[in-house]
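# Chains, contacts and geometry: an overview
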Amino acid sequence: MFFIAPVTLLKRLIRFLTLCLALTSIAALGGVYDDLLKAVNDGDLATISELLQRGMDVNTTEPGGNSLLMIAARNGYHETVEYLVENHARVQSRNSTGETALMLAALKGHLLIVMLLHTAGAEINQPGWSALHYAAFEGHTEVARYLLANESEINARAPNGSTALMLAARNGHEDVVKLLLVEGADINLTNDDGATALKWAQATGNSDIVELLETLGAR
């Protein structure tokens, strides 16, 4: 007859109970993680605060790499952004495509959040796509104005060589085009495909921008 010593049996029982507790904790953590992401997507500051006080990390990210701060900035939740910054959320974190919270706020035109993040230490200029590119792409004139007033590189090149002026011209954002020109954007730079702001404006049928650029000597 096979006999298991009491001490061995006790050790196995302890390991089994420890494993059960660990699995229970993992399941519970998964639920809290989902609750936290839902709360930040909904702008539910009370729930966010409660879960962070219970031990969740303020720099928690979703699978795509967007942090709580990025989600709140993208969705325009000013109070949530302010709360996360005050609780030491990292303002310079990047998601899987290299975007920061400030860039996402610029893309969506959330000027006050752009200002808040910049004041908190978020950098306006970074390699690759920039906050100014994003603001110009979507036609957010006041965001672009703020970025330029705070030393955004006006002729910064995106990974494909495009500038903010090219993006604004292609997408028909005349006010942004005018702002960039007044601030000294180079009118005849070309991207990696050889396109200029004028060529993009012509290709997309933005006749008012074409006329403006040609008047200023664009080629």
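Refer to the structure printed above.
Everything in this summary refers to the structure shown in the same document. This one's a predicted model, so the numbers in the text were calculated from it and none came from an experiment.

Cut-off values and rules
Residues numbered from 1 in each chain as written. Predicted model: local features only at pLDDT ≥ 70, side-chain atom pairs only at ≥ 80, totals over all residues. Heavy atoms only, no water. Helix = DSSP H or I, 4+ residues; strand = E, 2+ residues; numbered from the N terminus. Buried < 20%, exposed > 50% of the residue type's maximum accessible area, 1.4 Å probe, protein only. Contact = heavy atoms within 4.5 Å. Axes fitted to C-alpha atoms, helices over the stretch in contact; angles between N-to-C directions. Parallel < 35°, antiparallel > 145°, perpendicular 65-115°, else oblique. Left-handed = near helix turned anticlockwise from the far one by under 90°. Nonpolar A, V, L, I, M, F, W, Y, C, P; charged D, E, K, R; others polar. Core = buried A, V, L, I, M, F, W, Y, C linked by side-chain atoms within 4.5 Å. Phe/Tyr/Trp six-rings, centres within 6.5 Å; stacked < 30°, edge-to-face > 60°. Lys NZ or Arg CZ within 6 Å of the ring centre and 35° of its normal. Salt bridge = Lys/Arg side-chain N within 4 Å of Asp/Glu carboxyl O. Polar contact = N/O pair within 3.5 Å; in protein donor to acceptor, adjacent residues only side chain to side chain.

The secondary structure content of the protein amounts to twelve helices and zero strands. Helices (α) and strands (β) of the protein occur, in sequence order from the N terminus, as α-α-α-α-α-α-α-α-α-α-α-α. Looking at the protein residue by residue over its 219 residues, the buried ones come to 42%. Look at the contacts in the protein between residues 6 or more apart in sequence, and 66% of them connect residues 24 or more apart.

For the α-helix, the turn length of 3.6 residues means that residues three or four positions removed from each other point alike. Here helix α7 (residues 131-138) lies mainly inside the structure; six of its eight residues are buried. Every buried residue of α7 is listed here: Ala-131, Leu-132, His-133, Tyr-134, Ala-135 and Ala-136. Tucked inside the fold, the buried residues of α7 contact α5 (101-108), α8 (141-149), α9 (164-170) and α10 (174-182). Looking at the residues trailing α7, positive phi occurs at Gly-139, about 80°.

So, about unusual backbone geometry. Excluding glycine, residues mostly carry a negative phi; peptide bonds, for their part, are mostly trans. Positive phi, normally seen in glycine, also occurs at His-88, with a value near 75°. Checked against the element boundaries, His-88 lands in the loop between α4 (78-86) and α5. For Glu-151, which is not a glycine, the phi torsion comes out positive at approximately 70°. Note on placement: Glu-151 falls in the loop between α8 and α9. The exposed category is assigned to Glu-151, whose relative accessible area is 65%.

Another aspect to go through is the packing of α10 against helix α12 (residues 207-215). Two numbers describe how α10 lies on α12: the axes approach to 10 Å, and their chain directions differ by 15°. Taken together, the axes of α10 and α12 lie roughly parallel to each other. In this structure, the crossing between α10 and α12 has a hand that is right-handed. Contact residues: Glu-174, Val-177, Lys-178 and Leu-181 in α10; Asp-208, Ile-209, Leu-212 and Leu-213 in α12. Across the contact of α10 with α12, the residue classes tally to five nonpolar, no polar and three charged.

Let us look at the nonpolar core. Ranked by internal contacts, the top residues of the largest apolar core, which has 67 residues, are Leu-84, Leu-117, Leu-147, Leu-180 and Leu-213. In this structure, Leu-180 is in contact with Leu-132, Leu-148, Ile-154, Ala-164, Leu-165, Ala-168 and Ala-185, ignoring residues within four places of it in sequence.

Here we come to the packing of aromatic side chains. Using the criterion set out here, one finds zero aromatic pairs in the structure. Looking at Arg-170, its charged tip hangs above the ring of Trp-200, at a distance of 4.7 Å from the centre.

Another aspect to go through is the pattern of salt bridges. Across all of its chains, the model carries four salt bridges by this definition. One salt bridge in this structure joins Arg-54 and Glu-50, with 3.7 Å as the shortest N-O distance. Looking at Glu-50, the relative accessible area reads 44%, which means it is partly exposed. The residue Glu-174 makes a salt bridge to Lys-178 at a minimum N-O spacing of 3.5 Å.

So, about the side chain of Gln-126. Following the sequence through the fold, Gln-126 ends up in the loop between α6 (111-119) and α7. Here the side chain of Gln-126 touches Ile-124 through a polar contact of 3.4 Å, landing on its backbone oxygen. Residue contacts for Gln-126: discarding those within four places in its chain leaves Arg-94, Met-103 and Ala-131.

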